[in-house]
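# Notes for the structure review
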Amino acid sequence: MQILSFFDNETLKSAPVFSLFQRHLDTADGDNFFQSPGFFELIGKVSGYEPFIFIAINEEGAVSGSLMGVIQTNGSGPKAWLSRRVIIWGGPLPATAAPPVQQQTTQSLLKTLK
């Protein structure tokens, strides 16, 4: 499994995997606005928020899951560094698959956060 990382909207939209990612969102159970490209674009314009998205690609080249979130900071200097936190609205979004595959995908996405 390969995990692709994106930190800005232009790079995400120009990536070859973007259409596969959109198809994944259309078919995955439990998706919501907070995991969409529209939210990724919107939150990237908000001061103090740095969006990220991890997209898991399986051995067949299909999207097996995604994880979108933001790094939020307050202030500047040491205060900004000490107040940094990751917010993930909606959690990981594995593709519809057998539970062991979903679990492996979720674990791989969460390990990428470290």
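Structure: see above.
Residues numbered from 1 in each chain as written. Predicted model: local features only at pLDDT ≥ 70, side-chain atom pairs only at ≥ 80, totals over all residues. Heavy atoms only, no water.

With that settled, consider the overall build of the protein chain. When helices and strands are counted, the protein chain shows five helices and five strands. When the elements of the protein chain are put in sequence order from the N terminus, they spell out β-α-α-α-β-β-α-β-β-α. Over its C-alpha trace the protein chain gives a radius of gyration of 14 Å, about what one expects of a compact globule, namely 13 Å for 114 residues. In terms of overall dimensions, the protein chain has a C-alpha envelope of 45 × 25 × 20 Å along the principal axes. Scored against the burial criterion, the 114 residues of the protein chain give a buried share of 37%. Surface summary for the protein chain: the accessible area is close to 6,500 Å², and the carbon and sulfur share equals 56%. (Helix = DSSP H or I, 4+ residues; strand = E, 2+ residues; numbered from the N terminus. Rg over C-alpha atoms; globule rule 2.2 N^0.38 Å. Buried < 20%, exposed > 50% of the residue type's maximum accessible area, 1.4 Å probe, protein only. Areas by Shrake-Rupley, 256 points an atom, 1.4 Å probe, with all protein chains shown as cover.)

Now for the nonpolar core. Phe6, Leu12, Val17, Phe21, Ile53, Ile55 and Met68 are the most contacted members of the largest nonpolar core, which totals 18 residues. Secondary structure elements with two or more residues in this core: helix H2 (18-27), helix H3 (37-43), strand S2 (49-57) and strand S3 (63-72). Ranked by size, the runner-up nonpolar core spans six residues in total, among them Phe52, Leu67, Ile71 and Leu109. (Core = buried A, V, L, I, M, F, W, Y, C linked by side-chain atoms within 4.5 Å.)

Quick look at the side chain of Thr73 now. Here Thr73 shows up in the loop between S3 and helix H4 (77-82). The residues contacting Thr73, other than those within four sequence positions of it, are Gly48, Ala80, Ser83 and Arg84. (Contact = heavy atoms within 4.5 Å.)

Moving on: the side chain of Ser36. With respect to the element layout, Ser36 can be found in the loop between H2 and H3. Within the structure, Ser36 has its side chain in polar contact with the backbone oxygen of Phe33 (distance 2.7 Å). Contacts of Ser36, omitting those with residues within four sequence positions, involve Leu25 and Met68. (Polar contact = N/O pair within 3.5 Å; in protein donor to acceptor, adjacent residues only side chain to side chain.)

A contiguous nonpolar surface patch, about 290 Å² in accessible area, is contributed by Phe33, Phe34 and Leu42. By secondary structure assignment, the location of Leu42 is in helix H3. (Patch = residues over 30% accessible without salt bridge, like charges linked within 9 Å, V, L, I, M, F, W, Y side chains within 5 Å. Salt bridge = Lys/Arg side-chain N within 4 Å of Asp/Glu carboxyl O.)

So, about the pairing of S3. Consecutive side chains along a regular strand alternate between the two faces of the sheet. With 10 of 10 residues buried, S3 is to be regarded as a mostly interior element. Taken together, the nine bridges between S2 and S3 define a ladder with antiparallel strand orientation. Bridging across to S3, Ala56 finds its partner in Gly65. Linking S2 back to S3 in an antiparallel pair, the connection comprises five residues, with Gly61 at a positive phi of about 90°. Here S3 pairs with strand S5 (residues 93-94) via two bridges, running antiparallel. Bridge pairing in S5 links Ser66 to Leu93. Here three bridges tie S3 to strand S4 (residues 85-87), and the two strands are oriented antiparallel to one another. (Pairing = 2+ DSSP bridges.)

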